[in-house]
Amino acid sequence: MRDVQDKLRATAKDLLASGKVELVLGFEPASLPMRTRACFARTADAAERLVWNEFCSQNLAAYLPRLFEKPAHIRGDWTPPKVAVVTKNCDARSIIGLVKEHQLARENVVIIGMPCQGMVDPEKAAATVDERIAQACLECVSPSPIGADILIEGQSRPAAADRFQRVKDFEALTPAQRWDAFVKEISKCTRCYACRQACPNCYCKSCFIEQSKPSWAGAGDDLADLLLFHIGRMFHQAGRCVECDACVRACPMGIDLRLFTQKLVKDVEELFGYVPGVSLDDLPPLCTFQSDDSECFVTGPGEE
Ligand code: SF4
Ligand code: SF4
Ligand code: SF4
């Protein structure tokens, strides 16, 4: 992994020294063991701080929409920066999604694709090697970066055989059991919004849950309000979630949000043949409409 990190630093230095980008967004060691944090390297010297290891789990795409927002103090013309981002494949897919949602222009981002052996879940860190790998990485079917502008050579972990096994187990429950499991999980929520802040798709300047005109939910921890927030947020992930696990890692209550967003991923893939973040050319299904679209979502599952 040290070899891959050296190649990454050399690539970042070259991009910064040549002026091809103004910023390399990557990872640097955090103050706690087995953690990294975002590194904003603006000079070739600063690129020496970049690291690549099994704790680079954060999805850095979550920073991008704000980096490409015109600062409020600038009047008149403004040129957005050119930014290189160190990515795992799930992060790169988030960037493609953000480009499609017009949050940034593809030409302003250089995607540095890293070989990925799977990220370690710090909660599992005492376990043996394969048991330490985060659930999202165990379920990843494309650990090798695709669509990167620059590919750092190295070994990625093998692709998972079936990423939806946990979702299938959940689907096998009765509707009442599924609802009970969902309510049990969501009732642990303290409504800190860390999941939303960590998610690259939650870039809204004003989230529906905090709007006051109209007010969709109360501000406290009433179960109905918690359910409304999570059902709303999960539906906003339909056709957008890249299964990166950032929301789960951010949650102080250990809530497995990804199981539920992954169910929507599976549904969108099966109903519309759409996988988010793999192509710039296909339209997200929730952004398109055809007069002969199935209306089974209105009439009932299985009916046309
Ligand atoms: S909902 Fe969670 S798993 Fe999906 S893209 Fe957002 S942070 Fe990643
Ligand atoms: S939950 Fe929905 S409205 Fe709120 S930030 Fe996320 S996508 Fe936007
Ligand atoms: S991070 Fe966890 S506790 Fe915080 S709002 Fe999200 S689900 Fe609730």
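For every chain, the first residue of the written sequence is number 1, and numbering continues from 1 onward in sequence order. Lettering of chains starts at A and numbering of ligands starts at 1, both following the order in which they are written. Under the rules for a predicted model, residues below a pLDDT of 70 receive no local features and side-chain atom pairs below 80 are neither given nor counted, while totals for whole chains, interfaces and linings still include all residues.

K.L.:
Explain the site of ligand 1 to me, please; I cannot follow it from the model alone.
P.N.:
In the vicinity of ligand 1 there are 15 residues, among which Cys199, Cys241, Cys244, Ala246 and Cys247 approach most closely. Taken together, the elements giving at least two residues each to the shell around ligand 1 come down to helix H10 (246–250) and helix H11 (257–272). Working definition: helices are DSSP H or I runs of at least four residues, strands are E runs of at least two. Numbering for both runs from the N terminus. Among the elements that line the shell around ligand 1, the one with the most residues is H11, at 3 residues. Partitioned by chemical class, the residues of the shell around ligand 1 number 9 nonpolar, 3 polar and 3 charged. Contact assignment follows one rule, namely that a residue is near a molecule or strand if its backbone-placed C-beta atom lies within 6 Å of it. The nonpolar class holds Ala, Val, Leu, Ile, Met, Phe, Trp, Tyr, Cys and Pro. Asp, Glu, Lys and Arg form the charged class, and all remaining residues, Gly among them, are polar.

K.L.:
Before we go on, may I ask you to explain the environment of Pro285 in this structure?
P.N.:
Here Pro285 shows up in the loop between H11 and helix H12 (296–299). C-alpha separation for the pair Pro285 and Arg240, spaced 45 residues apart in sequence, amounts to 9.8 Å. Apart from residues lying up to four places away in sequence, Pro285 is in contact with Gly239, Val268, Phe272 and Tyr274. Two residues qualify as being in contact provided that their C-beta atoms, derived from the backbone, are within 7 Å of each other.

K.L.:
What's the story with the site of ligand 2 in this structure? I'm lost.
P.N.:
Contacts to ligand 2 come from Arg196, Asn201, Cys202, Cys204, Cys207, Phe208, Gly232, Arg233 and His236. Among the elements that take part in the shell around ligand 2, helix H9 (residues 223–236) stands out by supplying 3 residues, more than any other.

K.L.:
Would you explain the domain arrangement of the protein chain in this entry?
P.N.:
Frequently, the measure chosen for interface size is the accessible area removed from exposure when the parts meet. Parsing the protein chain into structural domains produces domain 1 (2–151) and domain 2 (165–284). Distance from the C-alpha centre of domain 1 to the C-alpha centre of domain 2: 23 Å. Among the elements of the structure, helix H3 (89–100) and helix H5 (135–138) are those that each provide at least two residues to the side of domain 1 that touches domain 2. Among the elements that take part in the side of domain 1 that touches domain 2, H3 stands out by supplying 9 residues, more than any other. Of the residues belonging to the side of domain 1 that touches domain 2, the class tally is 10 nonpolar, 7 polar and 4 charged. Reported domain spans reflect what an automatic or database domain assignment gives.

K.L.:
Which parts of the structure should I look at to understand the nonpolar core?
P.N.:
What tends to happen in soluble globular proteins is that the nonpolar side chains get buried as a cluster. In plain words, the nonpolar core is the set of buried Ala, Val, Leu, Ile, Met, Phe, Trp, Tyr and Cys residues that C-beta atoms within 7 Å link up. With C-beta atoms placed from the backbone, a residue is buried if 20 or more other C-beta atoms are within 10 Å of its own, exposed if 12 or fewer are, and partly exposed between those counts. Grouped together as the largest cluster of nonpolar side chains are 53 residues, with contacts concentrated most on Ala12, Val24, Val85 and Ile95. When residues of this core are traced back to their parent elements, those giving at least two are helix H1 (2–17), strand E1 (23–29), strand E3 (83–87), H3, strand E4 (109–113), H5, H10 and H11. It is H3 that contributes the most residues to this core, 5 residues altogether. In this structure, this core is formed jointly by two domains, domain 1 (2–151) and domain 2 (165–284), each of which donates at least three residues.

K.L.:
How do you make sense of unusual backbone geometry when you look at a structure like this?
P.N.:
Note: most peptide bonds trans; most residues except glycine with negative phi. Residue Pro214 follows Lys213 across a cis peptide bond; omega there is 0°. Mapped onto the elements of the fold, Pro214 is located in the loop between helix H8 (194–198) and H9. For His102, which is not glycine, the phi dihedral falls at a positive 60°. By the secondary structure assignment, His102 is in the loop between H3 and E4. Given 7 C-beta atoms within a 10 Å radius, His102 is considered exposed. Backbone geometry places Arg191, a non-glycine residue, at a positive phi of 60°. Within the secondary structure, Arg191 sits in the loop between helix H7 (175–186) and H8. Residue class for Arg191 comes out partly exposed when judged on the 15 C-beta atoms lying within 10 Å of it.

K.L.:
Which parts of the structure should I look at to understand the sheet that holds strand E2 (residues 36–41)?
P.N.:
Sheet strands line up and pair through hydrogen bonds in the backbone, either parallel or antiparallel. For two strands to be treated as a pair, DSSP must find no fewer than two bridges joining them. Strand order in the open sheet formed by 5 strands is E2-E1-E3-E4-E5, with mixed pairing between adjacent strands. One side of each edge strand has no neighbouring strand; the edge strands of this open sheet are E2 and strand E5 (150–151). In the sheet, E1 pairs with E3 via 3 bridges, with the strands oriented parallel. In the sheet register, Leu23 faces E3, and the bridge partner there is Val83. All axes here are fitted lines through C-alpha atoms, helices being fitted over the stretch that makes contact, and every angle between N-to-C directions spans 0 to 180 degrees. Running at roughly 150° to E1, H1 makes contact with E1, E2, E3, E4 and E5 of the sheet.

K.L.:
Is there a simple way to think about the pairing of E3 in this case?
P.N.:
On a regular strand, one side chain projects to one face of the sheet and the next to the other, so that they alternate. Taken across its 5 residues, E3 has 5 buried, putting it largely inside the fold. Side chains Val83, Val85 and Thr87 project from E3 onto one buried face, and the interleaved Ala84 and Val86 project onto a second face that is buried too. Here E3 pairs with E4 via 5 bridges, running parallel. The partner of Val85 across the bridge, within E4, is Ile111. Clockwise travel from the first strand over the helix to the second, with the strands pointing away from the viewer, marks a crossover as right-handed. In terms of handedness, the path from E3 via H3 over to E4 forms a crossover that is right-handed.

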